[in-house]
Amino acid sequence: IRSGQSHEDGTQDQEEKVMKKIGEYTVRGQMSESTEIRIQLFDGRFDTAYKVVDVRALSGDVGSSGDDGCVRLSTASIGPMPTSGDMIDFSDNRQIAWAGFNGASNGFDAAPSVVDPDNLVVEDLYISGQHGASDPINYIIYMEKYDITEWRGALAMVRASSQA
């Protein structure tokens, strides 16, 4: 560690050497509740990966005031989000981001998203959601694309497939 540099700064410097940002990518769409959509990102290489930096969700019906909903992003297919019960599980390593909305203000009251800062998607991304009505759920996902070492990609794939 250089003089005047904290251990955390040294770790960040090491991380920057392992990961080089090579672009940005945005995915947006609309989905029905109780479905799971696969977002194809895998390019056949294990030395590139995506990092989710933000996700937002809004109701498809902005005129309704009783529509609450949320979306969940995962690195593996874990099935559609259930209508009740264990909808979100922060202990499941496959789940990496969550976003919600409250229809009380006509569909535009999006809750702050929660994104695991350590997420790294080497293969594909999956999105599922629930909605308090039968209206579609709109989503937008902001990602950064990185050049990574193959060992970092292998480590991310192992983490992405483990439940805890």
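What comes next is a walk through the structure. (Residues numbered from 1 in each chain as written. Predicted model: local features only at pLDDT ≥ 70, side-chain atom pairs only at ≥ 80, totals over all residues. Heavy atoms only, no water.)

## What to know about the overall build of the protein chain
- Scanning the protein chain from terminus to terminus reveals two helices and nine strands.
- Sequence-ordered secondary structure for the protein chain, helices as α and strands as β, is α-β-β-β-β-β-β-β-β-β-α.
- Within the protein chain, contacts between residues at least 6 apart in sequence are counted, and of these 81% link residues at least 24 apart.
- Roughly 8800 Å² of accessible area belongs to the protein chain as shown, and the carbon and sulfur atoms make up 48% of that amount. (Helix = DSSP H or I, 4+ residues; strand = E, 2+ residues; numbered from the N terminus. Contact = heavy atoms within 4.5 Å. Areas by Shrake-Rupley, 256 points an atom, 1.4 Å probe, with all protein chains shown as cover.)

## Details of a nonpolar patch on the surface
- Taken together, the side chains of Ile88, Phe90 and Val114 make up a nonpolar region of the molecular surface, amounting to roughly 270 Å² of accessible area.
- Accessibility expressed as a relative area gives 37% for Val114, which makes it partly exposed. (Patch = residues over 30% accessible without salt bridge, like charges linked within 9 Å, V, L, I, M, F, W, Y side chains within 5 Å. Salt bridge = Lys/Arg side-chain N within 4 Å of Asp/Glu carboxyl O. Buried < 20%, exposed > 50% of the residue type's maximum accessible area, 1.4 Å probe, protein only.)

## Concerning the side chain of Gln130
- Residue placement: Gln130 occurs in strand S8 (residues 125-131).
- In this structure, Gln130 is in contact with Glu33, Ser34, Asp68, Gly69, Cys70, Met81, Pro82, Thr83, Met87 and Ile137, ignoring residues within four places of it in sequence.

## Observations concerning the environment of Asp135
- If you trace the backbone, Asp135 turns up in the loop between S8 and strand S9 (137-147).
- Separated by 103 residues in the primary sequence, Asp135 and Ser32 have C-alpha atoms spaced 7.3 Å apart.
- Apart from residues no more than four positions distant in its own chain, Asp135 is found in contact with Ser59, Asp61 and Asp67.

## Description of the pattern of salt bridges
- Counting across every chain of the model gives seven salt bridges.
- Residues Arg45 and Asp47 are paired through a salt bridge, measuring 2.9 Å at the closest nitrogen-oxygen approach.
- On the basis of relative accessible area, Arg45 is assigned to the partly exposed category, the value being 42%.
- Salt bridges sharing common partners tie together Lys21, Glu24 and Glu144.

## Some points on the layout of surface pockets
- In this structure, the second largest pocket occupies an estimated 160 Å³ of space.
- Considering the residues around the second largest pocket, the lining is formed by 13 residues, among which Thr75, Ala76, Glu123, Asp124 and Ala160 are closest to the centre.
- When residues of the lining of the second largest pocket are assigned to their parent elements, the largest contribution, four residues, is made by helix H2 (residues 150-161).
- Residues that form the lining of the second largest pocket fall into these classes: eight nonpolar, three polar and two charged. (1 Å grid on protein atoms, 1.4 Å probe; cavity = no way out; pocket = protein on both sides within 12 Å on 5 of 7 lines; lining within 4 Å. Points joined across faces, edges and corners; volume = space filled by probe spheres on them. Nonpolar A, V, L, I, M, F, W, Y, C, P; charged D, E, K, R; others polar.)

## Notes on the sheet that holds strand S1 (residues 20-31)
- The three strands are arranged S1-S9-S3 in an open sheet whose pairing can be described as antiparallel. Among the strands making up the open sheet, the edge pair consists of S1 and strand S3 (48-59). Across the sheet, the axes of successive neighbouring strands diverge by a mean angle of 15°, strand direction being ignored. (Pairing = 2+ DSSP bridges. Axes fitted to C-alpha atoms, helices over the stretch in contact; angles between N-to-C directions.)

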